[in-house]
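Given next are the chains, with one letter for each unit.
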Amino acid sequence: MLSVAELPGRVIPEVPYPPVGGAMSYQWQVVFNIGLWLAVAFFTVMAVRQWRKSGSPLPVLVLIGGGLCMFIEPIVDVMGLCWFWPEGQFKLFETFGRPIPNWMLPTYIFYVGGQALYTWQRLEKGETMLGIFKLYAIYMVVNVLLEEPPLHMGLYTYYGAQPLQLGLFPMWWMFTNAAMPIVMGALVYALKPHLVGWKMLIVLPLMPMADALIN
């Protein structure tokens, strides 16, 4: 039941309902899927090359762990008031009343897993603190480019009182989203000496746990 606050002459919802009336375009979902899976292919080639060079499957596990972060998406959407239109959606799964489209899987593999992999590799090469902040800024720009177009394509929407909403994308999200690959890459870098043998599998639950922590 919706909680409300009463003022003279009006009733103001404290937690807004998701909007109604929108629908996802079949064509734009296909286009978005193709673009995202191409990005995944790029990072997959990078991870496999690093696996062959180092003899460790850890880079590939980082990508997979990034993809598993999609299961945190419904919780984030409830808290952050993000809504994927269910009408016409290529639905992958639904939790907490939040239908999640299939293109969120390549999004997480690429944006979270791929960029965490790149961050980790930069740290391995001795990246400075200034360099990490530059990466953070780049990831914020990538996040805007990743979100603003599909919002205009009508694939999803943000609703309620969203701070810093200059376009259709509330800019406060980019600070959180860009922190995910930074923190995850740093965690893998810090834990790498302990990730030997089967212990490398801890990366798979670690990535979603870090996603939840950051959000």
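Residues numbered from 1 in each chain as written. Predicted model: local features only at pLDDT ≥ 70, side-chain atom pairs only at ≥ 80, totals over all residues. Heavy atoms only, no water.

Explanation requested: the pattern of salt bridges in the structure shown.
Oppositely charged side chains can form a pair if their charged atoms are brought close together. Per the counting criterion, the structure on display carries three salt bridges. The closest approach of N and O atoms between Glu94 and Lys91, which form a salt bridge, is 3.1 Å. Since its relative accessible area comes to 44%, Glu94 is described here as partly exposed. Between Glu124 and Lys192 there is a salt bridge, with its nearest N and O atoms 3.4 Å apart. Here Glu124 is found in helix H4 (residues 104-124), whereas its partner Lys192 is found in the loop between helix H6 (172-191) and helix H7 (203-214), with 68 residues between them in sequence. For Glu124, a relative accessible area of 33% corresponds to the partly exposed category. (Salt bridge = Lys/Arg side-chain N within 4 Å of Asp/Glu carboxyl O. Buried < 20%, exposed > 50% of the residue type's maximum accessible area, 1.4 Å probe, protein only. Helix = DSSP H or I, 4+ residues; strand = E, 2+ residues; numbered from the N terminus.)

Before we go on, may I ask you to explain empty space enclosed by the protein in this structure?
A complete count under the given rule lists one cavity of 30 Å³ or more for this structure. Put simply, the largest cavity is a space of about 290 Å³. Forming the boundary of the largest cavity are 22 residues, of which Glu73, Met104, Thr107, Glu147 and Asn177 lie nearest the centre. Broken down by secondary-structure element, the contributors of at least two residues to the lining of the largest cavity are helix H3 (73-80), strand E3 (82-84), H4, helix H5 (129-152), strand E6 (156-158) and H6. (1 Å grid on protein atoms, 1.4 Å probe; cavity = no way out; pocket = protein on both sides within 12 Å on 5 of 7 lines; lining within 4 Å. Points joined across faces, edges and corners; volume = space filled by probe spheres on them.)

What's the story with H5 in this structure? I'm lost.
Within an α-helix, residues lying three or four positions from one another point in the same direction, as the helix has 3.6 residues per turn. The terminal C-alpha atoms of H5, which comprises 24 residues, lie 35 Å apart, in line with the 34 Å expected from a rise of 1.5 Å per residue. The elements touched by buried residues of H5 are helix H1 (26-54), H4, E6 and H6. Just past H5, the residue Gly154 takes up positive phi, approximately 80°. (Expected span 1.5 Å × (residues − 1). Contact = heavy atoms within 4.5 Å.)

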